Protein chains: 2
Amino acid sequence: MEGAKGPQGRRLPAARDAAEPSDLPDEAPLAGGLRVRLKDVAAHAGVSRATVSLVLRKSPLVKAETRAKVEEAMAGLGYVYNRSAANLRSGASRTVGLVLCEITTPNFAQLTAGIDEVLGTEGYMAFIGNAAEDAARQREVLVRMQEHGVDGLVVVASENTRADALEEGACARMPCVLAQRRVEGFPADYVGPDYGAGMELITEHLIGLGHRNIAFIGGVRRIAPLAERMAGFHRALRRHKLKSGAVVPCAVIDRSSGYTAARELLAKGDIPSAIVCYNDVVAFGVMLALDERGLVPGRDVAVVGCDDVDEAGLHRPALTTFTTDPRVVGREAARLLLRRIAHPDRPREEIIVPPRLVIRQSCGAANRPTGGAR
Amino acid sequence: MEGAKGPQGRRLPAARDAAEPSDLPDEAPLAGGLRVRLKDVAAHAGVSRATVSLVLRKSPLVKAETRAKVEEAMAGLGYVYNRSAANLRSGASRTVGLVLCEITTPNFAQLTAGIDEVLGTEGYMAFIGNAAEDAARQREVLVRMQEHGVDGLVVVASENTRADALEEGACARMPCVLAQRRVEGFPADYVGPDYGAGMELITEHLIGLGHRNIAFIGGVRRIAPLAERMAGFHRALRRHKLKSGAVVPCAVIDRSSGYTAARELLAKGDIPSAIVCYNDVVAFGVMLALDERGLVPGRDVAVVGCDDVDEAGLHRPALTTFTTDPRVVGREAARLLLRRIAHPDRPREEIIVPPRLVIRQSCGAANRPTGGAR
DNA sequence: CGCAGCATTTGGATCGATCTAAATTTTCGT
DNA sequence: ACGAAAATTTAGATCGATCCAAATGCTGCG
C-alpha cells in the first residue's frame with residue numbers, strides 16, 4: 001500500500017517513494033541522506049511498526065530475540081529517533097525548560113550543570129532561557145517553552161516576580177520546580193539552600209569570636225533569598241541580645257557594588273568590627289574597599305560571605321563563608337521535577353539543602369595567615 | 001464531519017468530542033483545561049485550519065481583516081502554538097542545540113547569554129548540553145539533540161575532539177557553528193576570539209616594558225586555543241629575537257592549577273621577569289603563588305592573563321589582560337548559525353573577534369597602585 | 001457580459017511516531 | 001492432543017500542525 005499515492009507525494013528529498021523497496025545495502029549507515037524512519041527499521045527487521053515502537057520504548061512485551069533483531073536493524077540503518085513525532089502523539093516531550101533570572105550569575109552555571117547531569121541520565125534535555133531579571137522576558141520565555149511542549153519547568157524567578165506572573169506563564173498548569181528563590185504565594189515544589197540557617201550559623205560564629213558591632217552589606221532586590229538571609233542574621237543577633245550594625249544595600253549583587261557599598265559605609269566613619277555580606281562576590285568587593293582604607297580583612301575587620309564559590313578559598317585572605325551548593329540544588333531540582341512529572345498529584349515537596357560553615361581567614365579565626373589552595 | 005468517528009475516539013481528556021460544538025464562552029481562556037488547537041481557533045473564527053496556519057506564520061496572503069479575526073479568536077481562546085506538530089510536518093523546529101565542553105567555565109555563561117539573546121529575538125530556543133570535557137558524553141548529547149530535531153548546533157568542542165567525532169555526531173549533516181575552539185579538519189563555520197593576536201599584543205606590551213625573560217603558564221589540553229595562544233606568544237618573541245622563558249603546563253585550566261604550576265616554577269629558583277598566563281583565572285592562581293614567596297605581582301614580576309573576566313579589574317593588583325568577549329562571540333555565533341540555517345549552501349564563514357588590550361597594574365605599567373572598580 | 005488575472009481561502013494528504021484493541025502465536029495443564 | 005490462558009505482535013486511527021493544488025472571490029478590461 002506504499003508509494004502509490006495520488007498526484008501529490010513530491011517532497012524535498014525527491015525520490016523517496018522510488019527508494020521505498022528498501023534495498024539499501026545492509027550495513028549502509030544513512031545511505032541516500034534521507035532520514036531513516038521507524039517504518040524503514042520495521043521493514044528491514046521484518047516486523048511491524050508497532051513492534052519497533054515497543055522496542056524503542058524498552059517495553060518488556062517484546063521477545064528478546066525480536067528485540068535483538070530490531071536493534072540490529074536500527075544500528076545498521078543508522079536510525080535516529082524523532083521525538084517531535086513521538087511527542088505529538090504521546091504528549092511527552094522528554095524536554096524540560098530551565099528559566100533563569102540571569103545566566104551570568106556564577107551560581108547558575110553550577111546549577112545548570114547539576115540539572116543537566118541528572119536530566120542526561122534520564123534522556124531528558126533542557127531548554128535554557130534567560131530572563132535577564134526582566135519580567136517581560138521571563139514571560140516570553142515561559143510562553144516559548146510552552147510552545148515547545150516542555151514536560152516541566154525549573155524556574156529561578158526573576159526579581160519582583162509575583163505569583164500571578166507565574167500562573168499566567170502556565171507554571172501552575174504543569175510540573176514546575178522553583179529553585180533558589182521562592183515566590184511568595186506560589187505553592188510549587190521548591191529546592192534551595194537554607195540561606196537563613198547559614199546566615200544564622202555564620203553570624204553565631206562571628207559573635208562567638210567576640211564581635212558585637214556586626215554590619216550587613218548587600219541586597220536590595222526584592223527576592224526571597226535576601227529576606228531569608230536577613231532573618232537568619234537577625235535570629236542570631238537576637239539570641240545574643242545584640243542590635244544589628246549598619247545595613248547597607250547594594251544596587252546590584254556583584255563585586256563592584258559590594259565595593260561601593262563598603263566605601264560608603266567606611267566613609268561615614270562607622271567602622272564595624274565584622275561585616276556579613278550578602279554573598280561571596282559582594283564580600284570580595286567589601287574586602288577591596290577595606291584594603292583601600294588600610295584595613296586588613298580578618299585582622300582589623302572580620303568579613304564573611306555566602307556561597308563558597310571556587311574563588312573563596314583562593315582569595316587572600318581566604319574567605320570565611322558557608323556553602324549553598326548550587327550544583328546540589330540543581331541535581332535535586334531536576335530529580336524532584338522528574339518525580340513530579342511522573343506523579344503530578346503527589347504532595348508538594350520542599351528540599352532544603354543544609355549549609356556548611358567554611359572557616360577560613362577573613363573572619364580572623366584561622367591562625368595560619370597564608371595557606372595552600374583548596 | 002467532526003466527532004463522528006468509529007468505536008475509538010476515547011482519549012485521556014475524556015469528553016473531547018462531546019465538547020466539540022465549540023460553544024465555550026467567548027472570552028474564556030482555557031475553559032475546560034483542554035489544550036486549544038488550531039482547529040478550535042479556526043472554528044471559532046469561522047475560517048479554515050489552513051487560514052489560521054497562514055496567520056500563525058505571518059503570511060502576507062491573508063487579508064488584514066481575516067487576520068484580525070483570527071488573532072482575536074486566538075487571544076480569546078488562549079491558544080498555544082504546538083511546535084512539535086509543526087515541526088513534524090515542516091521539518092523546522094526553531095530549536096538549536098548548544099553543546100558546551102564544560103558549562104561551569106566562567107566564559108560559557110557569557111557565551112550562552114549572548115546566544116540566548118540573539119535566538120530569543122528570532123523566536124528560537126536553545127537546548128543546552130554539557131559534555132563535561134568528555135568525548136562520550138559529547139556524543140550522547142549530540143545524538144539527543146538530533147533526536148529532538150534541532151535545526152542547528154553551536155558547539156564548543158570538548159578536549160581531544162577529532163573531526164570524525166563531530167561528523168559521526170551529525171554536525172556535518174546539519175548547520176553547525178563551532179565557537180571558541182576550532183576543530184582541526186572539520187570545516188564548519190567558526191566564531192571565536194583572536195587568541196593569537198591577543199597574545200602577540202600582550203607579549204609585545206611586556207617586551208616594550210623591558211622584559212626579556214618571559215615565561216608562559218597554563219594549558220596542557222589538546223585544544224586549538226592553546227596552540228593559537230602559543231603561536232601568538234612566540235610570534236612576538238621571535239620578532240624581538242627573544243627566546244621563550246619556561247613554559248609550564250597545567251593539569252586543568254583553573255585557579256588552583258595556576259597556583260600549583262607557578263609554585264613549581266618558583267621552587268626551581270627560575271624566576272622570570274614576566275609571566276604570560278593561559279587566561280585570567282590561571283593568572284590569579286599564579287599571583288597567589290608569587291605572593292606567597294613575597295614577590296609582588298606588577299612590581300617584582302609582571303603577570304598578564306587573557307579574557308578580561310569581571311574579576312580582573314577588581315583583583316589587587318588589577319590584572320593586565322586582553323578581552324575575548326565571550327558574549328560577543330555568543331551573539332555572533334548565534335547570528336551566523338541562523339544565517340546558515342536560512343542558507344545551507346552559503347560559503348563557509350569565520351568570524352574572528354578582535355582582542356583589546358586592557359592595561360592595569362599587574363604588568364607594572366600602570367602608575368596608580370590602587371584604583372576604583374571598573 | 002465574459003473572462004483573464006490576481007488575491008484569498010480551502011480540503012485533504014501528510015509528517016513519524018504512539019495508542020488501542022484485536023489478532024496471532026506460544027505455552028501448558030490435563 | 002485440545003483448549004484456555006499467557007505472551008507477543010499487529011493494523012489502523014490518531015496527535016496538531018503544514019503543504020500543495022485546486023477552488024473561490026474579486027477586479028478590471030475589451
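The structure we're discussing is the one just above.
Everything quoted here is computed from the prediction, not taken from an experiment.

Scoring rules and cut-offs
Residues numbered from 1 in each chain as written. Chains lettered and ligands numbered in written order. Predicted model: local features only at pLDDT ≥ 70, side-chain atom pairs only at ≥ 80, totals over all residues. Heavy atoms only, no water. Buried < 20%, exposed > 50% of the residue type's maximum accessible area, 1.4 Å probe, protein only. Helix = DSSP H or I, 4+ residues; strand = E, 2+ residues; numbered from the N terminus. Contact = heavy atoms within 4.5 Å. Near = heavy atom within 4 Å. Polar contact = N/O pair within 3.5 Å; in protein donor to acceptor, adjacent residues only side chain to side chain. Nonpolar A, V, L, I, M, F, W, Y, C, P; charged D, E, K, R; others polar. Buried area = accessible area lost by both parts, 1.4 Å probe. Salt bridge = Lys/Arg side-chain N within 4 Å of Asp/Glu carboxyl O.

Student: Account for helix α1 (residues 38-45) of chain B, with residues named and values stated.
Tutor: Among all positions in α1(B), only D40(B), V41(B), A42(B) and A45(B) are buried. Lining the buried residues of α1(B) we find α2 (49-56) and α3 (64-77) of chain B.

Student: With reference to specific residues and values, describe the protein's contact with DNA strand C.
Tutor: Around DNA strand C there are 31 residues in total, and L38(A), S53(A), R57(A), Y79(A) and T66(B) lie nearest to it. Considering the 4 Å shell around the protein, atoms of DNA strand C inside it are sugar or phosphate in 70% of instances. One nitrogen or oxygen atom from the side chain of Y81(A) is found 2.8 Å from a phosphate oxygen belonging to DNA strand C. A distance of 3.1 Å separates a base oxygen of DNA strand C from a polar side-chain atom of R89(A). For the surface near DNA strand C, the elements supplying multiple residues, two or more each, are α2 (49-56) and α4 (83-90) of chain A together with α2 and α4 (83-90) of chain B. Counting residues per element, the surface near DNA strand C draws most heavily on α4(A), which supplies five residues. Of the residues contributing to the surface near DNA strand C, the split by class is 14 nonpolar, seven polar and ten charged.

Student: Describe the interface of chain B and chain A, with residues and values.
Tutor: A common way to state how big an interface is: give the accessible area lost once the parts meet. In this complex, chain B contributes 53 residues to the contact, which on the side of chain A involves 53 residues. Summing both partners gives a buried area of about 4,700 Å² for chain B against chain A, and 59% of it is carried by carbon and sulfur. Three residues stand out in chain B for area buried against chain A, namely M125(B), R144(B) and E147(B), and they jointly supply 15% of the buried area on that side. Taken together, chain B and chain A are joined by four salt bridges. For the pair chain B and chain A, the interface holds twelve residue pairs in polar contact (both at pLDDT 80 or more). Within the residue set of the side of chain B that touches chain A, elements represented by two or more residues are α4, α5 (106-121), β2 (125-130), α6 (135-147), α10 (255-267) and α11 (280-292) of chain B. If you tally residues by element for the side of chain B that touches chain A, the top one is α5(B), at eight residues. Here the residues of the side of chain B that touches chain A are counted per class, giving 20 nonpolar, 17 polar and 16 charged.

Student: Give me the side chain of E311(B): which residues, what numbers.
Tutor: Note that E311(B) resides in the loop between β9 (302-304) and β10 (321-322). With a relative accessible area of 9%, E311(B) lands in the buried category.

The values are spatial; any link to function lies outside them.
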